[in-house]
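# Analysis of the macromolecular model
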Amino acid sequence: MFLAPGRHQLLSEIAIVALFVLSLDLIMGYAGIVSLGQAAFFGVGAYSAGLVAIYVTSDPVIGLLVSAAAAGLVGFATSFLVLRGSDLTRLMVTIGVTSLLGEIANKATGITGGADGLQGISIGPLLGLIPFDLYGTTAYGYSLAILFLGIVLARRIVGSSFGLSLRAIRDNQLRASAVGIPVNARLVAIYTISSVYAGVAGALMAQTTQFVSLDVFDFHRSADALLMLVIGGTGYLYGGIIGAGVFKLIQSVLSDATPQYWHFWLGLLLVVLVQVGRTRVIRSIANLLGLGPRQISPQANDAKMSQPR
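Computed from a predicted model, the values in this text were never measured in an experiment.

Turning to the overall build of the protein, a few remarks are in order. Along its length, the protein carries 14 helices and zero strands. Ordered by position in the sequence, the α and β elements of the protein form the string α-α-α-α-α-α-α-α-α-α-α-α-α-α. Buried residues in the protein amount to 44% of all 309 residues.

Moving on, we get to the packing of helix 7 (residues 161-171) against helix 9 (residues 183-209). Packing of helix 7 against helix 9 brings their axes to within 10 Å, and their N-to-C directions diverge by 110 degrees. In terms of axis orientation, helix 7 runs roughly perpendicular to helix 9. Crossing angle aside, the handedness with which helix 7 passes helix 9 is left-handed. Between helix 7, through F162, S165, L166 and I169, and helix 9, the contact on the second element is made entirely by V183, R186, L187, A189, I190 and I193. For the contact of helix 7 with helix 9, the residue count by class is eight nonpolar, one polar and one charged.

The next subject is the nonpolar core. In terms of nonpolar packing, the biggest core is built from 76 residues, with L19, I33, I190, L204, V212 and V216 touching the most fellow members. The biggest single contributor to this core is helix 9, with 13 residues. Not counting the four nearest positions on each side in its chain, I190 is found in contact with L26, I27, A31, I33, F162 and L166.

This paragraph deals with the side chain of S67. Looking at the secondary structure, you find S67 in helix 3 (residues 60-82). Polar contacts involving the side chain of S67 include one to the main-chain amide nitrogen of A49, which spans 3.0 Å. Beyond its immediate sequence surroundings of up to four residues, S67 is in contact with G45, S48, A49, G199 and A203.

This structure, assessed with the given rule, holds five aromatic pairs. Taken together, a centroid distance of 5.2 Å and an interplanar angle of 85 degrees make the contact between F76 and F80 edge-to-face. Of the two residues, F76 and F80 are both situated in helix 3; the distance of four residues between them amounts to about one turn of the helix. For F76, a relative accessible area of 43% corresponds to the partly exposed category.

The phi angle at Q210 is positive, at roughly 55 degrees, despite the residue not being glycine. With respect to the helices and strands, Q210 occurs in the loop between helix 9 and helix 10 (219-232). Here Q210 falls in the partly exposed class, since its relative accessible area comes to 32%. Although it is not a glycine, L237 adopts a positive phi angle of roughly 70 degrees. Relative to the helices and strands, L237 is located in the loop between helix 10 and helix 11 (238-257). Given a relative accessible area of 3%, L237 falls into the buried group.

One pass over the full model with this rule turns up four salt bridges. As a salt-bridge pair, K107 and E103 come within 3.8 Å of each other at their nearest N and O atoms. With K107 and E103 both in helix 4 (residues 87-107), this residue pair falls four residues apart, about one helical turn. Residue classification places E103 among the partly exposed residues on the basis of a relative accessible area of 39%.

Looking now at helix 3. The terminal C-alpha atoms of helix 3 lie 31 Å apart, and with 23 residues this matches the ideal 33 Å at 1.5 Å per residue to within 8%. At F76, helix 3 is bent by approximately 25 degrees, the largest bend along its length. Considered for burial, the residues of helix 3 that qualify are P60, G63, L64, S67, A68, A71, G72, G75, T78, S79 and V82. Against helix 2 (39-55), helix 4, helix 6 (137-158) and helix 9 lie the buried residues of helix 3. Between the side-chain oxygen at the start of helix 3 and the backbone nitrogen of V61 there is a gap of 2.9 Å, and the oxygen is on D59.

The subject of this paragraph is helix 10. Between its terminal C-alpha atoms helix 10 stretches 20 Å, which fits the 20 Å expected from 14 residues at 1.5 Å a residue. What helix 10 keeps buried is the set R221, S222, A223, A225, M228, L229, I231 and G232. Downstream of helix 10 by one or two residues, G233 has phi in the positive range, about 105 degrees.

Attention now moves to the packing of helix 1 (residues 8-28) against helix 6. What describes two packed helices is the angle between their axes and the distance between those same axes. Axis separation between helix 1 and helix 6 bottoms out at 8 Å; the angle between their running directions is 20 degrees. By the angle between their axes, helix 1 is roughly parallel relative to helix 6. Considering the relative orientation of helix 1 and helix 6, their crossing is left-handed. In this structure, helix 1 uses H8, L11, S12, A15, I16, A18, L19, L22 and L26 to contact helix 6, whose residues at the interface are T137, A139, Y140, S143, L144, I146, L147, G150, I151, A154 and V158.

Reading the values: the criteria
- Residues numbered from 1 in each chain as written.
- Predicted model: local features only at pLDDT ≥ 70, side-chain atom pairs only at ≥ 80, totals over all residues.
- Heavy atoms only, no water.
- Helix = DSSP H or I, 4+ residues; strand = E, 2+ residues; numbered from the N terminus.
- Buried < 20%, exposed > 50% of the residue type's maximum accessible area, 1.4 Å probe, protein only.
- Axes fitted to C-alpha atoms, helices over the stretch in contact; angles between N-to-C directions.
- Parallel < 35°, antiparallel > 145°, perpendicular 65-115°, else oblique.
- Left-handed = near helix turned anticlockwise from the far one by under 90°.
- Contact = heavy atoms within 4.5 Å.
- Nonpolar A, V, L, I, M, F, W, Y, C, P; charged D, E, K, R; others polar.
- Core = buried A, V, L, I, M, F, W, Y, C linked by side-chain atoms within 4.5 Å.
- Polar contact = N/O pair within 3.5 Å; in protein donor to acceptor, adjacent residues only side chain to side chain.
- Phe/Tyr/Trp six-rings, centres within 6.5 Å; stacked < 30°, edge-to-face > 60°.
- Salt bridge = Lys/Arg side-chain N within 4 Å of Asp/Glu carboxyl O.
- Expected span 1.5 Å × (residues − 1).
- Bend = angle between axes of the 7 residues up to and from the residue.

Read these as layout, nothing more, since geometry by itself doesn't imply function.
Below you can see the structure in the form of structure tokens.
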């Protein structure tokens, strides 16, 4: 908040994207559900927040709650389609659901504005006291607070018996079903929770930018979230934050340095991460910074913890 006062708009975007990637990590890292359609719920949340601000109230908290409920309903309704079949089938269904919702938003010009986008959004002061400013300071604090609450809630979810059952389902659905875990019900529940997270992220984007366009349903938004999760790592919640921060910072730096070729350098980085391995890259960077391997080696930490005192 104080170290980078001129970068609050970028930091706000990172916080929103991190929450969006967190929604993907909940289903992919803990339940084993591969999806390329998280943009569907992101878009539902964004349009819901915009419509609430235009026609109902400009209170951002109310808009956030309505958007979460709308995205959750869509997620619950589509979960029965997504959970059928193999991973490839799920990928195709999630892409299809996103395309369908995007086309609905494109045709419903009287409600969504169509290709021109949803304009005229005006967001009131946060909690009736703190107005949104042009520098993005309020938006950054607002987005960061929602991200923090989302992380706390997600940690409670994955650390509960419900979260442990999701890991069992991810590892082996047949064994999980054999020991009495209701596999389909648990997958529907976590998919709905994930859609709520994505909808909240979309609502934050709509409220902080005060504009919504068909871009919220684009395929690249879901693909970027998957790339960020690959960068940060799956199955421990903080991968979304790390991946979003690294991706957005690299995008900002490379787009300023080479506006035409930043996709190439980003793609090269992803290839290096996949081929070399994220752990080796981190160790190499740590060695360049003068950090010893013991300080970043989980095996060394485990051995140290197991030594008798």
